[in-house]
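What the coordinates show
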Amino acid sequence: MADVEGIPFSAEEEEQLWTEIDTCVSSPCDDHESIDDALRTWLELTARLRDRLPGSHEDSIICAQMLIDSRIFQQNKDYVRTQLIHSLLQEDDAASLHAITSLLLLDGHYDEAIFPRMIEEACFPRLVDLIAARQGDEDPRLHRFLLQLMYEMSRVERLRSEELVLVDDDFIHSLFGIIEGVSDDVNDPYHYPTIRVLLVMNEQYMLASTEPVEGPDGTQVPLTNRIVKCLSLHGPSFRTFGENIILLLNRETETSLQLLILKLLYLLFTTKATYEYFYTNDLRVLLDVIIRNLMDLPDERISLRHTYLRVLYPLLAHTQLSHPPHYKQDEILKVLKILRGSLNAHFAPADDTTVRLVDRVAKVKWLEAGNMDGASEVARKFLGISLSPTQYASSISVGDVAGVMEKPGVQTPSRNAGIGIRDEDTSSPTRDEMSKTVKTKKPLPVVPKHRHGIPFKDLANKPATNGEVKKVPPKAPPPRRRGKMKAAEPPPIETITETPPEH
């Protein structure tokens, strides 16, 4: 198919294109041959519309949505998906590839089952080749969609080792280079998809590290994590990536993406060559984020809290934060004490893993030295933890961190949601409901103890005489009327005899 990029067309021609696309997806298709003809026509027309708005994905997404909503797709999903996957594997034209990736991404948004199927059809090696070949394109829209498609595929399905070995150092360096190339614009659309690909590739490497691969000499060797390798050798050249993942962790609410970031941070803080990859100020921001999230996570997100604690220990023990002046020392100890579950009614009793992880963080040397007498046991007593050395000894492995997973799209709830943040499903109370609530919760005025006369309780217990009805005074004075009060004459003054108190 000829590339029509850069050829302008009039409004009438554009309207005619949209009409033809609508006719194409609305035509009845009774066999595979007619479906193939309709798909080829759709692909050709969508490719022609691609350049109507340079830099925009809008037209491609609209065309993809039209096909997904059509009877052709709804009644022949399996066949249409097969044809689109085969087209991705064979097509080289940029405009056609853009249309195909748009439809696969949109289809995967509705049904993630398409992504494992793409991996089975060997789409991952194809995407690696396309991303590497298309990086220098003047129009980066296709490249961004290819990155996004790789991320969506890799986050829902574990890749095979023979697929991961196809990713070489140059491929990883090029992704880091993209982030550095747009470092002046944090809102650049290249930032997010590229960072996410690097994060999900790191998770794939962590999962693969539990299963060694066969080396050239036939021996079993661990698969090289090329993300950590690149930052170990060239970290100072790729600082923008580090700044961005801390910024992303600070504002991200999707649990799965938080875990992806924490898994990479754990490796960087436990690999000696990357102890000081981050700037000190960025590490302080990261510590603030971790403290906030540890306090904000509800009890049901215990696995995410464990991961934060697993990252917190090497962050405090191995990075620049281990050097004086120590940042937020008192706040860290207070948080650890609260996480122990003994001081705050809002926190459930800590589980054994939390106790072990909290104690491990408390054993960081400069946290222990920050206590009054500097003894190592002070931190443990301060935290209310009493464990044997075999219990608080580190048993954390890469497998423990890599194994923490969450379904994509799940949002992390907030402990403070009921205090200052309203859930989306919770409707706002009306003004009348608020008024009733305030009136209901308003406490009644307290009846003062009587210094004069006979107490109410004696009157209440006094037996009634003949013909006398026992009167029990109210327990509280009547509420004050709102509005203007009429002027009333003062009651006559009664003389009350009072016995002076004895001194």
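Below is a summary of the structure that appears in this document. (Residues numbered from 1 in each chain as written. Predicted model: local features only at pLDDT ≥ 70, side-chain atom pairs only at ≥ 80, totals over all residues. Heavy atoms only, no water.)

Looking at the overall build of the chain
When helices and strands are tallied, the chain shows 25 helices and two strands. For the chain, the proportion of contacts with a sequence separation of at least 24, taken over those separated by at least 6, is 76%. For the chain, the accessible surface area stands at approximately 28,500 Å², while carbon and sulfur atoms represent 52% of it. (Helix = DSSP H or I, 4+ residues; strand = E, 2+ residues; numbered from the N terminus. Contact = heavy atoms within 4.5 Å. Areas by Shrake-Rupley, 256 points an atom, 1.4 Å probe, with all protein chains shown as cover.)

A short note on the packing of helix H5 (residues 77–90) against helix H6 (residues 94–110)
Two elements in contact, H5 and H6, have axes separated by 10 Å at closest approach and are oriented at 135 degrees. Relative to H6, the element H5 is oriented oblique. At the point where H5 passes H6, the crossing takes the left-handed sense. Of the residues in H6, those touching H5 at Arg81, Leu84, Ile85, Ser87 and Leu88 are Leu97, Ile100, Thr101, Leu103, Leu104 and Asp107. For the contact of H5 with H6, the class distribution of residues is seven nonpolar, two polar and two charged. (Axes fitted to C-alpha atoms, helices over the stretch in contact; angles between N-to-C directions. Parallel < 35°, antiparallel > 145°, perpendicular 65-115°, else oblique. Left-handed = near helix turned anticlockwise from the far one by under 90°. Nonpolar A, V, L, I, M, F, W, Y, C, P; charged D, E, K, R; others polar.)

Brief notes about helix H8 (residues 123–134)
Under the 1.5 Å per step criterion, the end-to-end length of H8 is 16 Å for 12 residues, consistent within 8% with the ideal 16 Å. H8 sits mainly inside the fold: nine of its 12 residues count as buried. Buried residues of H8: Cys123, Phe124, Pro125, Arg126, Leu127, Val128, Leu130, Ile131 and Arg134, and no others. (Expected span 1.5 Å × (residues − 1). Buried < 20%, exposed > 50% of the residue type's maximum accessible area, 1.4 Å probe, protein only.)

Remarks on the packing of H5 against H8
H8 packs onto H5 with a crossing angle of 40 degrees between their chain directions and a minimal axis gap of 9 Å. By the angle between their axes, H5 is oblique relative to H8. In the packing of H5 onto H8, the handedness of the crossing is left-handed. In this structure, H5 uses Ile85, Leu88, Leu89 and Gln90 to contact H8, whose residues at the interface are Cys123, Arg126 and Leu130. Residues belonging to the contact of H5 with H8 are distributed by class as follows: five nonpolar, one polar and one charged.

Thoughts on the pattern of salt bridges
Within this structure, the stated rule accounts for 16 salt bridges. Where salt bridges share partners, they join Glu112, Glu152, Arg155 and Glu254 into one cluster. (Salt bridge = Lys/Arg side-chain N within 4 Å of Asp/Glu carboxyl O.)

Things to note about the packing of aromatic side chains
When we look at a pair of aromatic rings, we describe it by the centre distance and by the angle of the planes. Applying the stated criterion to the full structure yields four aromatic pairs. Measuring from centroid to centroid gives 5.2 Å for Phe176 and Phe238, while their planes differ by 25 degrees, and the two rings are stacked. Residue Phe176 is located in helix H11 (residues 169–181), and its partner Phe238 is located in the loop between helix H13 (226–234) and helix H14 (239–251); the two are separated by 62 residues in the primary sequence. Here the two residues Phe176 and Phe238 agree in accessibility, since each one is buried. Ring geometry for Phe176 and Phe241: centres 5.0 Å apart, planes at 90 degrees, overall edge-to-face. One end of the pair, Phe176, is in helix H11; the other, Phe241, is in helix H14, and 65 residues separate them in sequence. We note that Phe176, like Phe241, is buried. Following the ring pairs from residue to residue traces out a cluster consisting of Phe176, Phe238 and Phe241. Across the ring face of Tyr279, the terminal group of Arg239 is positioned such that the distance to the ring centre comes to 4.8 Å. Stacked on the ring of Tyr313, the Lys or Arg Arg360 has its end atom at 3.8 Å from the ring centre. (Phe/Tyr/Trp six-rings, centres within 6.5 Å; stacked < 30°, edge-to-face > 60°. Lys NZ or Arg CZ within 6 Å of the ring centre and 35° of its normal.)

Structural notes on the nonpolar core
Within the largest apolar cluster, 120 residues are counted, with the highest numbers of intra-cluster contacts made by Trp42, Met118, Phe241, Leu265 and Leu316. The element contributing the most residues to this core is helix H15 (residues 255–270), with 11 residues. Among all residues touching Trp42, those that are not within four sequence positions of it are Ile21, Cys24, Val25, Cys63, Ala64, Leu67, Ala99 and Leu103. (Core = buried A, V, L, I, M, F, W, Y, C linked by side-chain atoms within 4.5 Å.)

A few points about the environment of Ile72
Topologically, Ile72 is positioned in helix H4 (residues 71–74). The buried category is assigned to Ile72, whose relative accessible area is 3%. In this structure the C-alpha to C-alpha distance between Ile72 and Pro28, which are 44 residues apart in sequence, comes to 7.2 Å.

Focus: the environment of Leu286
By the element assignment, Leu286 lies in helix H16 (residues 280–296). Relative accessible area serves as the criterion here: at 1%, Leu286 is assigned to the buried category. For the pair Leu286 and Ile246, spaced 40 residues apart in sequence, the C-alpha separation works out to 6.1 Å. In contact with Leu286, not counting residues within four places along its chain, are Ile246, Leu249, Leu265, Phe269 and Leu315.

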